[in-house]
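# Fold and geometry: a report
The lines below spell out each chain.
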Amino acid sequence: LHATLKGVPAVVDLGADAVAAFVGCGHHGASMLTRLADIHLDLRPLGAVARSGGSFHPGDQSLTTSEWWQGAGSSLVFDTWRKSELHQELSGWMLQEASLNQLRRRWSRSPIASLGRPTQKDAAGLAFHRHERSWLLLASGCKRWYFYDGSGPAPATALERLSESELIHREGESSAGLSGHEQLPGECVLVPDGVWHCTYNAGEKITIGLGGMGRLSSDAE
C-alpha cells in the first residue's frame, strides 16, 4: 500500500454512517464524551508534540475528559501511548471495517487518538511536522489538513503554529507545493513516510480521530 501512494497523501471514504455504527459516537460524539468523562488525559504542549514527530512523551498536565471539555488545558489531545487510559478505553471501540485491516496490521506501531474541542479563536491542531507513515480515521467533527511537497526544502512555517489564514498566505508566497483536504466523519487520511502535514480542527462539534503511526514489518511485531 505504501509503495502505491508514491509519497502522495490519500483519502479513503468509508462513510459517516459506518463510523457512527461501529464507534457508537453518532455524528456529534456525545455518547463517546459521556463514556470518556472520568478517564484522565495526558496533555502535552502542542509544540512539543509537533517537534517530537508525534512520539509520546509523558505530559505535564492530567485532566479528566470532562474537565478538558469544559475548557481546561490545551484544546487538542494527541495520544500515542498504548497504555494510556484513553487508549485502554478506546481499544474496544476501534472499527472492524475490513478495509482498515492492512493499516492496522502494517501502519500502527503506535496507536493514535486525537480529541479536539471547539475554540472561539484559532482552530486547534498541530503545526507543520513530519514522521513515519500514519493514518487517521475521523469519527466526529471536521479536520482541515495541509500537505507540503516533500521533494524540496521544508515548509516555510515548519514547526511554527500559525492561524490558518496566515499559514496559507506564507506558504502560498513561498512555494506551490501546498495542498489541502477537509476531512469529514468516515474519511481516513493516509500520510506516507516523511510527508510534511499540519491540521486545523473546525466546526462546533468535538473532533475525534482514531488511527496509527509507524511501520510494522510482521504480525508478530
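A few points on the structure.

Scoring rules and cut-offs
- Residues numbered from 1 in each chain as written.
- Predicted model: local features only at pLDDT ≥ 70, side-chain atom pairs only at ≥ 80, totals over all residues.
- Heavy atoms only, no water.
- Core = buried A, V, L, I, M, F, W, Y, C linked by side-chain atoms within 4.5 Å.
- Buried < 20%, exposed > 50% of the residue type's maximum accessible area, 1.4 Å probe, protein only.
- Helix = DSSP H or I, 4+ residues; strand = E, 2+ residues; numbered from the N terminus.
- Contact = heavy atoms within 4.5 Å.
- Phe/Tyr/Trp six-rings, centres within 6.5 Å; stacked < 30°, edge-to-face > 60°.

### Examining the nonpolar core
Counting 17 residues, the largest nonpolar core has L41, W68, V77, L86, L90 and L115 as the members making the most contacts within it. Counting residues per element, the ones that place at least two in this core are α3 (30-36), β2 (40-43), α6 (85-90), β5 (110-116) and β11 (207-213). Ranked by the residues each element gives to this core, the list is headed by α3, at 3 residues. Those residues in contact with L86 that lie beyond four places of it in its chain are L36, I39, H40, L41, V77, D79, A113 and L115. F78, A124, L136 and V195 belong to the second-largest nonpolar core, a separate cluster that totals 13 residues.

### What to know about the packing of aromatic side chains
Evaluation of the coordinates by the stated rule reveals 4 aromatic pairs. Here F128 and Y148 contribute two aromatic rings whose centre-to-centre distance is 6.2 Å and whose plane-to-plane angle is 70°, an arrangement assigned as edge-to-face. With F128 in the loop between β5 and β6 (134-140) and Y148 in strand β7 (residues 142-148), the pair connects residues that are 20 residues apart, well separated along the chain. For the pair F128 and Y148, a shared accessibility class is recorded, and that class is buried. Between Y146 and Y200, the aromatic rings sit 6.0 Å apart at their centres with planes inclined by 85°, giving edge-to-face as the arrangement. Pair noted here: Y146 is in strand β7 and Y200 is in strand β10 (residues 196-202), with a separation of 54 residues, a long-range link. You can call Y200 buried: its relative accessible area is 2%.

None of the figures reported here should be taken as evidence of function without further support.
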